[in-house]
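In case you want the letters, here they are:
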Amino acid sequence: MKKLVVMSPGRVNIIGEHTDYALGYVMPAAVNLYIVLEGAVSEIVKLKSKMLKEVVCFDLSNLARTGGWGDYVKGIYYALGKRGVRAGGLEGVVGGDLPIGSGLGSSASLELAVLYFLNQVYSLGLSRIEMALIAREAENEFVGIPCGILDQFSSSMGRRGHAIFLDTEALRHEYVPIPRETAIAVFYTGIKREISKTVYRERRMAVEEGLRTLGVRSSKYVSSSDLVKLPMKHKRYLSYIVRENERVIKVRDLLRSGDMEAVGAVLVEAHRDLATNYGVSCPELDFIVREAVRLGAYGARLTGAGFGGSAIILASKDKVEFIAEGVLSNYVKEFPWSPKYFIVEVSDGVNAVGRIGGV
Ligand code: GLA
């Protein structure tokens, strides 16, 4: 029986938040927290989640939605089917150390694990960019979550030690090295991001309406003089996106020059803008950012959709643990949640780590 073990990373977004659905710039990095899929070829799909202690089982001729995590897997078959690509089934176990629903791209990571497995064992011939697009389509059209390409692109295209500067309209990317002495800590607030779904949809709709009013596809083509033509709500959100696009370019250049103090300052400015003008932060995330900076981080900001989930802290390698520990001990005095932090390494995209049998 053909078997394969696939490791699919989660992601942090260093800068470029809520810009992907406005077809602007983002700069994420895949991190060494993974969804691990140990699978074997099969006629049907049968997957057991170690984290959720649940089994998902379905026949490929029946892709009915059930509202559970199996929909991400069915969505992959749906999106492949739309392209006329036929893949067989898989049977196996899903595990790993990427916390689910913590704003680190766990859905995309699962999608990419499944898709990478199918691509390998059924020789589908898909490129990594195609896999990212298929996974996003699965999530948008089948699962019904209106996300952009950020998470799927990161899980698929990550490169060890590098951030990915991505133009989400042209899908052109550059790898930007992260200086060796810089560390990234991911700080999970302990709050799952349920409410963020409604707000996410609302923001996305407002931004898309704004872009339509201006007659452009991508926020890259919006200038500050265009913004004055918009109604208040659209102006407020789109102005944030225009500033954030500029910050992504700035951080890319600062990273290249190794000026981490300046990178950190832009991250903090971005967080404030997200909190004050885009309205997707929460007291917990603001607290983490404030404390991290007070304790000597280069910078910190919410990462992902916001409203809970996680923040990233950028700091020098010799200080990062002290800072993350300090934030943790003060955070638990202030809030009733169970937070967690991880000092992460920047990882390659999805890959097979073990082949058993004749794959
Ligand atoms: C979520 C979505 C991404 C992106 C971020 C916000 O993680 O899945 O596509 O929009 O929020 O930057």
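Residues numbered from 1 in each chain as written. Predicted model: local features only at pLDDT ≥ 70, side-chain atom pairs only at ≥ 80, totals over all residues. Heavy atoms only, no water.

A. Region of the structure containing the site of the ligand. Surrounding the ligand, one finds Arg11, Glu17, His18, Asp20, Tyr21, Cys147, Gly148, Leu150, Asp151, Tyr200, Gly304 and Ala305. Here an oxygen atom of the ligand and a backbone polar atom of His18 are 2.7 Å apart. Asp151 is positioned with one of its side-chain polar atoms (N or O) 2.8 Å from an oxygen atom of the ligand. About the coverage of the ligand: the protein hides 96% of its 310 Å² of free accessible area. Its residues placed into classes, the shell around the ligand shows five nonpolar, three polar and four charged. (Near = heavy atom within 4 Å. Polar contact = N/O pair within 3.5 Å; in protein donor to acceptor, adjacent residues only side chain to side chain. Areas by Shrake-Rupley, 256 points an atom, 1.4 Å probe, with all protein chains shown as cover. Nonpolar A, V, L, I, M, F, W, Y, C, P; charged D, E, K, R; others polar.)

B. Representation of the layout of surface pockets in the model. The calculated volume of the second largest pocket comes to roughly 410 Å³. Gly161, Ile178, Arg180, Lys317 and Glu345 are the residues nearest the centre of the second largest pocket, which is lined by 16 residues in total. The set of elements that each furnish at least two residues to the lining of the second largest pocket consists of β8 (182–188) and β11 (340–344). Top element by residues in the lining of the second largest pocket is β8. It accounts for three residues. Class assignment for the residues of the lining of the second largest pocket results in nine nonpolar, three polar and four charged. (1 Å grid on protein atoms, 1.4 Å probe; cavity = no way out; pocket = protein on both sides within 12 Å on 5 of 7 lines; lining within 4 Å. Points joined across faces, edges and corners; volume = space filled by probe spheres on them. Helix = DSSP H or I, 4+ residues; strand = E, 2+ residues; numbered from the N terminus.)

C. Region of interest: the nonpolar core. Core analysis: the largest hydrophobic core is formed by 66 residues, its most contacted members being Ile14, Met27, Leu37, Leu80, Leu90 and Leu118. Of all the elements, helix α2 (residues 106–121) adds the most residues to this core, at nine residues. In this structure Leu37 touches Leu4, Val5, Val6, Leu47, Leu90, Val93, Val94, Ala113, Val114 and Phe117, once residues within four positions along its chain are discounted. Judged by nonpolar contacts, the second largest core, of 45 residues, contains Tyr21, Ile191, Val207 and Phe287. (Core = buried A, V, L, I, M, F, W, Y, C linked by side-chain atoms within 4.5 Å. Buried < 20%, exposed > 50% of the residue type's maximum accessible area, 1.4 Å probe, protein only. Contact = heavy atoms within 4.5 Å.)

D. Examining the pairing of strand β7 (residues 172–177) more closely. Sheet topology note: the strand β6 (residues 162–167)/β7 ladder contains six bridges and is antiparallel. Directly across from Phe165, in β7, lies its bridge partner Glu174. Count of turn residues in the β6/β7 antiparallel hairpin: four residues, of which Leu171 carries a positive phi of about 55°. (Pairing = 2+ DSSP bridges.)

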